[in-house]
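Tertiary structure, described
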Amino acid sequence: MTEPAPDTTVGDTEQTTDEATTALVADAAPPLDPVRLDELEEAMRDVVDPELGINVVDLGLVYGISESDEAVTVDMTLTSAACPLTDVIEDQARGAMVRSGLCNELRINWVWMPPWGPDKITDDGREQLRALGFTV
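All values derive from a computational prediction rather than experimental measurement.

A few words on the overall build of the protein. In terms of regular secondary structure, the protein is built from 4 helices and 5 strands. Order of helices (α) and strands (β) in the protein, N terminus to C terminus: β-β-α-α-β-β-α-β-α. Counting all 136 residues of the protein, 31% fall into the buried class. Sequence-distant contacts, at least 24 apart, represent 55% of the contacts inside the protein between residues at least 6 apart. Carbon and sulfur atoms form 53% of the exposed surface of the protein, whose accessible area is close to 8,600 Å².

Here it is, written out as structure tokens:
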């Protein structure tokens, strides 16, 4: 016999875990039009990791891009949580997205799970790293 799902409080109402999950999914931004997603991803290629000199998309640091009425949200990570150049990357991203006119507001959602690893680097990123003398 299975146990009933535990109650989860969401806001001021009691909901079961299944209801809470459904509520979260309903609040998620709708998927981006593929053309718009390509446009935003291409803009993020102008954001270059200051230590490696490779863009954050090809390094595999961008985990996702979504858009709501208010802002574009970029889910991304860093090669290390202790990266001292986070502000530089954030400023470059704002330049690529907001100052270029692609959106009015940019939110960066720093994501640490799953952790970044070399397996996330694109083929283009690997080629660029090899040209710099890295073995990948």
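With that settled, the discussion passes to the pattern of salt bridges. Tallied over the full model, the rule gives 8 salt bridges. The partner of Glu41 in a salt bridge is Arg45, with the nearest N and O atoms 3.3 Å apart. A relative accessible area of 29% places Glu41 in the partly exposed class. Among the residues examined, Arg45 registers a relative accessible area of 24% and is labelled partly exposed. Between Asp91 and Arg99 there is a salt bridge, with its nearest N and O atoms 3.2 Å apart.

A word on the confidence of the model for the protein. Across the protein, the average pLDDT comes to 83, with 79% of residues at 70 or higher. The lowest-confidence element of the protein is strand 1 (residues 7–10), averaging 37 in pLDDT; the highest-confidence one is strand 4 (residues 72–76), averaging 97. Across residues 1–27, where pLDDT falls below 50, the model places 18 contacts with residues more than four positions away in sequence or in other chains.

Here we take up the nonpolar core. By size, the foremost hydrophobic cluster in this structure holds 26 residues, and its most contacted members are Met44, Ile65, Val72, Val74, Met76, Met97 and Leu106. Listing elements by their share of this core, those giving two or more residues are helix 2 (34–44), strand 3 (62–67), strand 4, helix 3 (86–97) and strand 5 (106–110). Leaving out residues up to four positions away in the same chain, Met97 has contacts with Leu40, Ala43, Met44, Val72, Val74, Leu102, Cys103 and Leu106.

The subject of this paragraph is the pairing of strand 5. Examined bridge by bridge, strand 4 and strand 5 share 5 bridges and lie parallel to one another. The partner of Met76 across the bridge, within strand 5, is Trp110. A crossover connection joins strand 4 to the parallel strand 5 through helix 3; in handedness this β-α-β unit is right-handed.

Next up on the list: unusual backbone geometry. Across the junction of Met113 and Pro114, the peptide omega takes the value 0 degrees, indicating a cis bond. Looking at the element boundaries, Pro114 is found in the loop between strand 5 and helix 4 (123–131).

Scoring rules and cut-offs
Residues numbered from 1 in each chain as written. Predicted model: local features only at pLDDT ≥ 70, side-chain atom pairs only at ≥ 80, totals over all residues. Heavy atoms only, no water. Helix = DSSP H or I, 4+ residues; strand = E, 2+ residues; numbered from the N terminus. Buried < 20%, exposed > 50% of the residue type's maximum accessible area, 1.4 Å probe, protein only. Contact = heavy atoms within 4.5 Å. Areas by Shrake-Rupley, 256 points an atom, 1.4 Å probe, with all protein chains shown as cover. Salt bridge = Lys/Arg side-chain N within 4 Å of Asp/Glu carboxyl O. pLDDT = per-residue confidence, 0-100. Core = buried A, V, L, I, M, F, W, Y, C linked by side-chain atoms within 4.5 Å. Pairing = 2+ DSSP bridges. Right-handed = clockwise from strand over helix to strand, strands pointing away.

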